[in-house]
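Residue-level listing of the chains:
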Amino acid sequence: MKQKVLLFDGLSIAHRAFYGIPLLTNKQGVHTNAVYGFLNIMLSIIEKEKPDLLGVAFDVSAPTFRHNLSKEYKGNRKGMPEELRPQIPLLKQVLSSLNICFIEKEGFEADDILGTLAKNAERNNYDVVIVSGDRDLFQVTSDTTQLKIPRTKKTGTEIESYYAKDVEAIYGVSPKEFIDVKGLMGDTSDNIKGVPGIGEKTALKLIKEYGSIENLLENVESITQKKLKENLMTYSQDALDSKKLATIVCDVPLDYKWEEFNYKLVLDDKSYELLRDLEFKSI
């Protein structure tokens, strides 16, 4: 039976937990809601998936190669809330105390680390489950790599699950073609330009027909809508640059061994004391 690797997008899930749970503090006034929510989501998914290996990827605050490609990349992002900022190192401290492996790499984003780990795991004949709130990770899904996106609702947290076949069934494009869709439509949250006037619906229609931005631009004369054709011709370089920014790197030079992803959810004195100080009684 194949082994399963469960990978978490650390900042994405912590961010989701932070906004999904009211602010919590312990007796010392330390904010804990993001850490508490992250652990609850992680433990719930571990219980359901029963993975053999477990890891968490984090973004780092240093600029990435995408910032070198585009000075505007993520330039419109608001700073992290002050109540959340100190919870990220606290979350890493909790993970370390539980002997759960986490990885970060200067110059790259968590998506790139997750993509690299997922493709390496596939080559080693593992099944992969990635947990993130980021649809960009559609592009690394396959027959054996699944993306799970938690959605916090009034009734609780619901999980949407996607293999490559699910991406194709819902959007009509392959995971790889989804990169081209984002290249055309852009992404306001990441400040990726795309092509003016092209939203998700039009981008999906164009990529379904032409397969890629490059092929679309080579055949732009066949576009009958005047304004759409003009925009594609005028902003062709923006479309190509946006595709590059949206592409997850799956060959990040990481120093790790799969044995480091082994885990045992057993509290020792150190982890028990930390969780007790954080007042995570239920956990």
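Owing to the predicted nature of the structure, the values given are computational and were not obtained by experimental measurement. (Residues numbered from 1 in each chain as written. Predicted model: local features only at pLDDT ≥ 70, side-chain atom pairs only at ≥ 80, totals over all residues. Heavy atoms only, no water.)

Caption draft 1: Fine view of the side chain of Ser-242. Counting through the fold element by element, Ser-242 comes out in helix H11 (residues 236-246). Owing to a relative accessible area of 2%, Ser-242 belongs among the buried residues under this scheme. A distance of 2.9 Å separates a polar atom in the side chain of Ser-242 from the backbone nitrogen of Gly-194. Not counting chain neighbours up to four residues away, the residues in contact with Ser-242 comprise Gly-183, Ile-192, Lys-193 and Gly-194. (Helix = DSSP H or I, 4+ residues; strand = E, 2+ residues; numbered from the N terminus. Buried < 20%, exposed > 50% of the residue type's maximum accessible area, 1.4 Å probe, protein only. Polar contact = N/O pair within 3.5 Å; in protein donor to acceptor, adjacent residues only side chain to side chain. Contact = heavy atoms within 4.5 Å.)

Caption draft 2: Here's a closer look at the pairing of strand S1 (residues 4-9). Among the six residues of S1, five are classified as buried, and the element is accordingly described as predominantly covered. Of the strand pairs in this sheet, S1 and strand S4 (residues 127-131) are connected by five bridges, and their pairing is parallel. In the strand pairing of S4, Val-5 is matched with Val-128. Bridging between S1 and strand S2 (residues 53-57) involves five bridges; their strand directions are parallel. Note on S2: the bridge partner recorded for Leu-6 is Leu-54. (Pairing = 2+ DSSP bridges.)

Caption draft 3: Here's a closer look at the packing of helix H4 (residues 87-97) against helix H12 (residues 269-277). Running from N to C, H4 and H12 point in directions that differ by 145°, and their axes come no closer than 9 Å. For the pair H4 and H12, contact is made by Gln-93, Val-94 and Ser-97 and by Lys-270, Ser-271, Leu-274 and Leu-275, respectively. The residue makeup of the contact of H4 with H12, split by class, is three nonpolar, three polar and one charged. (Axes fitted to C-alpha atoms, helices over the stretch in contact; angles between N-to-C directions. Nonpolar A, V, L, I, M, F, W, Y, C, P; charged D, E, K, R; others polar.)

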